[in-house]
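# Fold and contact review
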Amino acid sequence: MAEFLMKPKIDFAFKEIMMDEPSRIGFLSAILKLNPEDIKESKLLNTNLRKLYEDEKLGILDVRILLNNDTEIDIEIQLAALNVWADRSLFYLSKMYTEQIHAGQDYSIFKKCVSISILDFELFKGEPEFYSCFHIREDTRHTLYTDKMEFHVLELPKLPKGLKENNSDILLWAKFINAERKEDFDMLAAKNPYIESAYHKLQIISQDKQKRLEYEAREKALRDYNQLMAEAEQRGLKKGMEKGMEKGMEKGIAKGMEKGIAKGMEKGMEKGIEKGIEKGIRELVLDNIEEQIPEERILLKLQKRFQLTEERAKQYFNRFSKT
């Protein structure tokens, strides 16, 4: 147990690290190129985006932060390759942006919204840089249209192998998020006091029995999802080849791949993540009951750790406390 360290790029671990304010300030100041002292306050927000209509797609963010200058930030981690990531991040940021205005208000109330994507796959193939920053600009004159929407992308597979004498804070943070070995964590913590704080937080949560159960459930859900994706791709390829025999090999493979992968992604994500989260909830309920912790405190823990409503937390408690 003493040697175990969570991987920061697993979203559960990253969310826990971002609950530490010095870690949040250090990470955001690096990405946004701000003086850490200028960030007077960074507040974690509800990660559920508002639905205006019943049939509207629900948006659930990984980490949502409000800075003292009212800039709102969405930090997302994606480990499995997703070609539509740009569309997904634009959808989430657009919902964040439109949530700011209510009936009777004018457009002057809009504040800056920032998307930070941490990807464990290459989104921009053929481009060597691991870090990219995007704004909305005119095509030829490059005049900034608005600074109210900003996109930052970290592609972890493109990280350089070693470090130089003078390394950017963005590179150090990216290396920390991608690290898995204790010696790498130790080296990075020695180079940046905010990463040192994040490493300290990582050590604490890694030794917490309940958090480790939740982390392992999430890690298993991601592994199951990746396996389902691979199997879906194989099924799609097989189906495509069969159709290609009838209507042309090229058309059949493309169609089979598209349907197989899309279906595998949707079902794999839903089943894998739901199963992993429910396992974590069940373990929390049972462990706390065993330790004779009052029901009210258990319900509060469920709401905080899993972003549940009070009603939903009670449903889970009643379900698992009887097993």
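Quantities reported herein were computed from a predicted structural model and do not represent experimental measurements.

So, on to the sheet that holds strand β6 (residues 144-155). One open sheet accounts for six strands, arranged β1-β2-β3-β4-β6-β5; its pairing is mixed. If you trace the sheet from one side to the other, it starts and ends with β1 (42-44) and β5 (131-137), each paired once. On average, each strand axis in the sheet is tilted by 20° relative to the strand beside it, whichever way the strands run. Note: β5 against β6, six bridges, orientation antiparallel. Bridge pairing links F134 to F151 in β6. Packed on one face of the sheet, helix α1 (residues 11-18) meets β1, β2 (63-67), β3 (72-78) and β4 (113-119) and runs near 150° to β3. Set on the sheet, helix α2 (residues 21-32) makes contact with β1, β2, β3, β4, β5 and β6; between it and β4 the angle comes to about 95°.

On to the confidence of the model for the protein, then. Per-chain confidence: the protein averages 85 in pLDDT, with 80% of residues scoring 70 or above. Low confidence marks residues 49-59, where pLDDT is under 50. Its contacts with residues over four positions away, or in another chain, come to 24 contacts.

Note that β4 and β6 share seven bridges and pair parallel. Bridge assignment links C113 to a residue of β6, and that residue is M149. Linking two consecutive strands that pair antiparallel, namely β5 and β6, is a turn of six residues; a positive phi of about 60° is found at H142 within it.

The next thing to look at is the nonpolar core. By size, the foremost hydrophobic cluster in this structure holds 48 residues, and its most contacted members are F14, F27, L28, I73, I75, I118 and F176. It is helix α4 (residues 169-178) that contributes the most residues to this core, seven residues altogether.

Turning next to the packing of aromatic side chains. Scanning the entire structure with this criterion turns up 11 aromatic pairs. Ring geometry for F14 versus F27: centroids 5.7 Å apart, planes at 80°, classification edge-to-face. Of this pair, F14 sits in helix α1 while F27 sits in helix α2, and the two are 13 residues apart along the sequence. F27 carries the same exposure label as F14, and that label is buried. Taking 5.5 Å as the distance between ring centres and 80° as the angle between the ring planes, the aromatic pair formed by F27 and W173 counts as edge-to-face. Here the residue F27 occupies a position in helix α2, and W173 occupies one in helix α4, the gap between them amounting to 146 residues. Here R212 stacks its cationic end above the ring of F4, 3.8 Å away from the centre of that ring.

Quick look at the packing of α1 against α2 now. It is at 7 Å that the axes of α1 and α2 come closest, and there the two elements cross at 105°. Classed by the angle they form, the pair α1 and α2 counts as roughly perpendicular. Across the interface between the two elements, F14, I17 and M18 of α1 pack against S23, R24 and F27 of α2. For the contact of α1 with α2, the residue count by class is four nonpolar, one polar and one charged.

So, about the packing of α2 against helix α6 (residues 193-206). For the pair α2 and α6, the least separation of the axes is 8 Å and the interaxial angle reads 135°. With respect to each other, α2 and α6 are oriented oblique. The crossing of α2 and α6 is left-handed. Where α2 approaches α6, its residues P22, S23, I25 and G26 are matched on the opposing element by Y194, S197 and A198.

Here α6 is 14 residues long and its end C-alpha atoms lie 20 Å apart, about the 20 Å a rise of 1.5 Å per residue gives. Backbone nitrogen of Y194 and a side-chain oxygen of the N-cap are separated by 2.8 Å at the start of α6; the cap is N192.

The complete set of buried residues in helix α5 (residues 182-189) reads F185, L188 and A189. Down the axis of α5, the sector holding all buried residues measures 100°, keeping them to one side. Check the buried side of α5 and you find it contacts α4 and α6.

Remark: a regular strand shows side chains that alternate across the two faces of the sheet. In terms of residue burial, β4 counts as a mostly covered element, since seven of its seven residues are buried. For β3 and β4, the ladder comprises seven bridges, and the chain directions are parallel. Each residue of the ladder has a partner; that of D74, found in β4, is S115. Of the crossover connections in this fold, the one passing from β3 over helix α3 (residues 85-98) to the parallel β4 is right-handed.

Thresholds, definitions, all that
Residues numbered from 1 in each chain as written. Predicted model: local features only at pLDDT ≥ 70, side-chain atom pairs only at ≥ 80, totals over all residues. Heavy atoms only, no water. Pairing = 2+ DSSP bridges. Helix = DSSP H or I, 4+ residues; strand = E, 2+ residues; numbered from the N terminus. Axes fitted to C-alpha atoms, helices over the stretch in contact; angles between N-to-C directions. Contact = heavy atoms within 4.5 Å. pLDDT = per-residue confidence, 0-100. Core = buried A, V, L, I, M, F, W, Y, C linked by side-chain atoms within 4.5 Å. Buried < 20%, exposed > 50% of the residue type's maximum accessible area, 1.4 Å probe, protein only. Phe/Tyr/Trp six-rings, centres within 6.5 Å; stacked < 30°, edge-to-face > 60°. Lys NZ or Arg CZ within 6 Å of the ring centre and 35° of its normal. Parallel < 35°, antiparallel > 145°, perpendicular 65-115°, else oblique. Nonpolar A, V, L, I, M, F, W, Y, C, P; charged D, E, K, R; others polar. Left-handed = near helix turned anticlockwise from the far one by under 90°. Expected span 1.5 Å × (residues − 1). Polar contact = N/O pair within 3.5 Å; in protein donor to acceptor, adjacent residues only side chain to side chain. Arc of directions from axis to C-beta. Right-handed = clockwise from strand over helix to strand, strands pointing away.

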